[in-house]
Amino acid sequence: MSEFMFHSNLNNQNNLIKNKLQLKSRGETVLQAREISYRYGTGSWIMEDVNLGVKPGEVVGLTGKSGAGKTTLAKIIAGYLKPNHGRVTIDGYLLQEKNAPHPVQLVWQHPEKVINPRWRMEKTLLEGGTYTDELLQDLEIKKDWLRRWPSELSGGELQRICLARALGASPGYLIADEMTTMLDAITQAQIWHTVLHMVEKKNIGVLAISHDNALLNRVSDRMVDFSMIRDKYETKK
Amino acid sequence: MRINRASHKQEEGTHFRSSRLLEVTDFALSFTTYTGGLKETTEQAIKKLDMTIDTGEIVAVVGASGSGKSLLANAILGMLPANATVSGLIKYKGKALTLQDQVQLRGTEIAMIPQSVNSLDPLMKAGKQVRTMIKGKNKKEKQREIFAAVGLDEKVERNYPFQLSGGMARRVLIAIAMVSSAELIVADEPTPGLDEQALEDSIRPIRLLADQGKGVMFITHDIGTALRLADKIVVFNDGKTIETANVKDFYGKGEALRHPYTKQLWNALPQNGFHTP
Amino acid sequence: MNNKVRKRKYSLRQRTIAKIVIALVLLLIMVVSSLLIGPDRLGVNLDLRNQSPSLDFLFGTDWLGRDMLARTLKGLVLSLGVGVLAAFASTCIALLLSLVAAWSSWTDRLVSWLIDLFLSVPHLVTLILISFTVGGGFKGVVIGLSLTHWPSLTRVLRAELLQIKQAEYIQVSKRLGKTRGWIARHHYLPHLMPQLLIGFTLLFPHAILHEAAVTFLGFGLSAEQPAIGVILSESMNYLTTGMWWLAFFPGLSLVCMVALFDLLGQSVRKMIDPYHAMK
C-alpha cells in the first residue's frame, strides 16, 4: 500500500462555485478561462459566460452530466476549439503561440485515438519533446514498451504513454478529461497517484474532468459543478 | 442505490425455473501473429476461463482493459478473427456449441448489446429498428410497451439515431435485445463513461432483461457498476478467471474475497481507499 | 467449437516474400536477357521471313525475318522503362499536390480545380499535346505521360488526407507544437505509403497502354524503337494473313509483365503495412 498524500484540504463542502476567482497573489501564473461562450455554427449556446480558474499545484475537479459540454470546455482551454466569446489566459497573457507546445495539455479519454497507430511507442513519446528516464520511472513505463506498437499495449499502458508525452512538452497545466474512465480500478488508482505526485513535484495545475464524483472527491482540492457555471447566464436572466 | 435484485429469484415463486444456460469450461484462445521477422508465434490471449450463467441471472465479467474480456464475448458469438485458435468447451443449454451452431444461434438465441451506439442503423427510425425484431402481430403495441419499460418517451420512436443522446441510443439497443427471442444476452461494456443518472437509466433495463428470464453476461472494467447490477462477479485477470465472487462478498476492506487481486480491485476504488498494490 | 487449424508449411510472411522474390527474379531475367541480345539477333534476315514459332524461333519471325522473341524482350524493357519512369513521376506529382491540398482551404480549392481541369480533357489529347510540345520521342512520351496521369491518384490521396487531418492524433500533434511540415513528413507520408504503392501499380499499366496508343498514332516513340506499342501496331497489318504470333506473343508478354507488377505491388503492400496486413 502506498502512503500517498493527497492534498490535505479535500474540499468537500457543498462545492458552491465562486463565480469570480479570487487570486491570492498577483504574481501567480493562474490559468483562467474568462467569460467563455461557445456554440456550434449558429446552434444554441453550449455554454455562455463561463469562468473557471486553476492555480499551479492545484487540482480542480469538474463534474457534471455526460454531454453537458465539459469536454467542449476542456478543448477550448487546451486550444483545440476557439470560443465564440471570451478568452483563456495564463497570468493575463493569451496562450496562442506558433510552433511551440501549448502550455495546457489535454489527456484524452481514449488513448488509442490520440496515438498514431503506425508508430512505435518511442516515436509517440518523442512527439511531446524529450523524455527522461526519471519521467519514465515516475510513470512506471517499462523501457521495453517503447519498442512496441500501440496495438500491443493495454489501455492503461497507452494512457501512461500519453501522459508522459503531455508532460514531455513541459506544460504548466494538464486537463484530464475522463482520463481513467476506460481503465480498471487498480490502473486508475495507479495513474492518479502518479499524476498527483507530478503535480507536487513540478507544481502543475490540473483540471480533472469526470462523471465519477467519488474519484474527484479523492483527487481534487476543489470541485466545480459544470451545470452551475454553465447555467449562470440563464439564472442571471 | 442497488437495483431490486430479489424480484426475479425463483424463490419468489415466479413463472420460470432457473436452469443452466451457458457453461464455459477450460476455455483458451490464442492468436497467430508475427513478431518482428518471419517467425510465426502464438500468443495466448485467454489461458483458462471458467464461468456459468443461469437463466434470469446477470453475471459480470470484470477485468482490466486488454485482459481479453471482449474476446470471450466474440468467442461465444462465433465472431473471432481468422488467426484465432480456441480450445475448451462452451456448452449452451447443456449442448456443446460448434461454430455452425454459433452462427445459427447468433441473433436468435444469443444476442449482443454492442459497445458502440454506432451499431444502430443510422437511416432507420428508432421505433422501426425495434419493430423489425419483433415477431408476430401488434408490433407497434409491443414496441411501445418495451419503450416504456426501458424508460424511453413515446416520441423517441420517431427519432433517427443521430437525434438520440448517448444514453437514449443505448436504451434503444437494449430494447432491441429485449424484443428479440434471445435467451442469452452478451453486453460488452454497455455503460462507458456515463454519469450517475445515465448509468442508472442504462442498467435498469438490463435488470429487466434478467427479470424476463434471460441470462446476461455483462462485460465491464468498472467494478462499481458491476456490483450494482450483477448477481455474480467473475474476476478476470491475466487471461484467467481467478475468482467467481458473490456480490454480497464485496464489503469493508474485502475480507470475504478470496483472491488477492479481487481485494486489490475492491480497495483501489476511490470510495474504498484508492489504494494501489 | 474448434476453429479449423490449417497447419501451413510456410508462414504468410514467408509466402509473401517468396512471391516478391519470384516476381523480381522474372523481371530481372527479362531485363538481363534483353541486354544480352546483340544487334545480330535483331537484324533483318530475309531468308527466314514469316516463320511460325519453332524451337529456333520461339516467338516466330516477322515479315523481315527478325526474331520476335528478341524484339519482344527489347520492347518489354523499353515499355517497362517508360512505364516505370512515367508512373513514378506521376505518383510524385500526385503526392506533392495532395500535400499542397492539405495545407489550407485555398490550396485545396486550387488543387481540386486542377484535378477537374485535367480530368475534363481526354488523357490522350493532353498527352499528344504535351508530348509534341516537348519534342516527341522517348523524352516527350515520358513527360507527357507523367503530366497526364496524376489526377485520379491525387484525388484518392487528397480524400485520404482530408480524413486523417481530422484524426485526433493529428490535432494533438498540433497542440504539441509540431509544424505543418513535420506533421506532413511524419504523420501523412507514412499513412499514404500503401495508397502510393497501389497508385503506382495501377498507373503503370495505364501508362504503358497510353504509350502504345500515342506511338500507334505516330506521336510517340519512333518506329525503329521496338516498343511493344510499335510491334503491336505494325503487326495489325499482317494479322489478316494468318501470322497470329506477331501480335499474340508480344501482347501476352505485356499482360504478363503488368500482372507481375500487380503481384509485386500487392505483396509489397502486405509487407510494409502492418496496420492492414492481417485484415
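Up top is the structure.
Caption draft 1: Molecular detail of the overall build of chain B. Within chain B one finds eight helices and 10 strands. The burial tally for chain B puts 54% of its 277 residues in the buried class. Partitioning the intrachain contacts of chain B with sequence separation of at least 6 by distance along the chain shows that 67% fall at a separation of at least 24. Roughly 12200 Å² of accessible area belongs to chain B as shown, and the carbon and sulfur atoms make up 51% of that amount.

Caption draft 2: Representation of the sheet that holds strand β2 (residues 47-54) of chain A in the model. Residue and element names in this part refer to chain A. Ordered by their spatial adjacency, four strands build an open sheet running β2-β1-β4-β5, and the pairing between neighbours is antiparallel. Single-partner strands in this sheet number two, and they are β2 and β5 (93-94). Examined bridge by bridge, strand β4 (residues 85-90) and β5 share two bridges and lie antiparallel to one another. Bridge assignment links Ile90 to a residue of β5, and that residue is Tyr93. Seen against the sheet, helix α1 (residues 70-77) touches β1 (31-38), β2 and β4 and runs at an angle of roughly 65° to β2.

Caption draft 3: A look at the interface of chain B and chain A. Residue-level contacts link 21 residues of chain B with 27 residues of chain A. Taken together, the two surfaces of chain B and chain A that pack against each other cover about 2100 Å², and 64% of this comes from carbon and sulfur. Broken down residue by residue, the surface that chain B buries against chain A is led by His221(B), Phe274(B) and Thr276(B), which jointly contribute 33%. Counting every contact that joins chain B to chain A gives zero salt bridges.

Caption draft 4: Inspection of the packing of aromatic side chains at higher detail. Scanning all chains against the criterion turns up nine aromatic pairs over all chains. Look at Tyr80(A) and Trp108(A): their rings are 5.2 Å apart centre to centre, the planes differ by 85°, and that puts the pair in the edge-to-face class. Of this pair, Tyr80(A) sits in the loop between α1 and β4 while Trp108(A) sits in the loop between β6 (104-107) and α2 (121-127); the two residues are 28 residues apart in sequence, bridging distant segments of the chain. Of the two residues examined, Tyr80(A) and Trp108(A), each falls in the buried class. Where Phe250(B) meets Trp266(B), the ring centres are 5.7 Å apart and the plane angle is 65°; that geometry is what we call edge-to-face. With Phe250(B) in the loop between β10 (240-246) and α8 (260-267) and Trp266(B) in helix α8, this pair connects stretches of sequence that are 16 residues apart. The class for Trp266(B) is buried, based on a relative accessible area of 10%. It is Arg175(C) that lies over the ring of Tyr80(A); its NZ or CZ is 4.8 Å from the centre. One cation-aromatic arrangement involves Lys178(C) over Trp182(C); the distance from NZ or CZ to the ring centre is 4.7 Å.

Caption draft 5: Representation of the packing of helix α7 (residues 151-165) of chain C against helix α9 (residues 180-217) of chain C in the model. Residue and element names in this part refer to chain C. For the pair α7 and α9, interaxial distance at closest approach is 10 Å and the crossing angle is 160°. It follows that α7 is roughly antiparallel to α9 by the angle criterion. When you trace α7 past α9, the crossing you get is right-handed. Taken together, the residues of α9 that come into contact with α7 (itself represented by Leu153, Val156, Leu157, Glu160, Leu161, Ile164 and Lys165) are His187, Tyr188, His191, Leu192, Gln195, Leu196, Gly199 and Leu203. The class makeup of the residues in the contact of α7 with α9 is nine nonpolar, four polar and two charged.

Caption draft 6: Inspection of the interface of chain A and chain C at higher detail. Facing the 22 residues of chain A at the interface are 19 residues of chain C. Taken together, both faces of the contact between chain A and chain C bury some 1900 Å²; the carbon and sulfur share is 58%. Of all residues in chain A, Tyr80(A), Arg118(A) and Glu127(A) give up the largest surface area on contact with chain C, accounting jointly for 35% of the area buried on that side. Here chain A and chain C share zero salt bridges between them. At the junction of chain A and chain C, the tally comes to nine residue pairs in polar contact (both at pLDDT 80 or more). If you tally residues by element for the side of chain A that touches chain C, the top one is α2(A), at three residues.

About the cut-offs
- Residues numbered from 1 in each chain as written.
- Chains lettered and ligands numbered in written order.
- Predicted model: local features only at pLDDT ≥ 70, side-chain atom pairs only at ≥ 80, totals over all residues.
- Heavy atoms only, no water.
- Helix = DSSP H or I, 4+ residues; strand = E, 2+ residues; numbered from the N terminus.
- Buried < 20%, exposed > 50% of the residue type's maximum accessible area, 1.4 Å probe, protein only.
- Contact = heavy atoms within 4.5 Å.
- Areas by Shrake-Rupley, 256 points an atom, 1.4 Å probe, with all protein chains shown as cover.
- Pairing = 2+ DSSP bridges.
- Axes fitted to C-alpha atoms, helices over the stretch in contact; angles between N-to-C directions.
- Buried area = accessible area lost by both parts, 1.4 Å probe.
- Salt bridge = Lys/Arg side-chain N within 4 Å of Asp/Glu carboxyl O.
- Phe/Tyr/Trp six-rings, centres within 6.5 Å; stacked < 30°, edge-to-face > 60°.
- Lys NZ or Arg CZ within 6 Å of the ring centre and 35° of its normal.
- Parallel < 35°, antiparallel > 145°, perpendicular 65-115°, else oblique.
- Left-handed = near helix turned anticlockwise from the far one by under 90°.
- Nonpolar A, V, L, I, M, F, W, Y, C, P; charged D, E, K, R; others polar.
- Polar contact = N/O pair within 3.5 Å; in protein donor to acceptor, adjacent residues only side chain to side chain.

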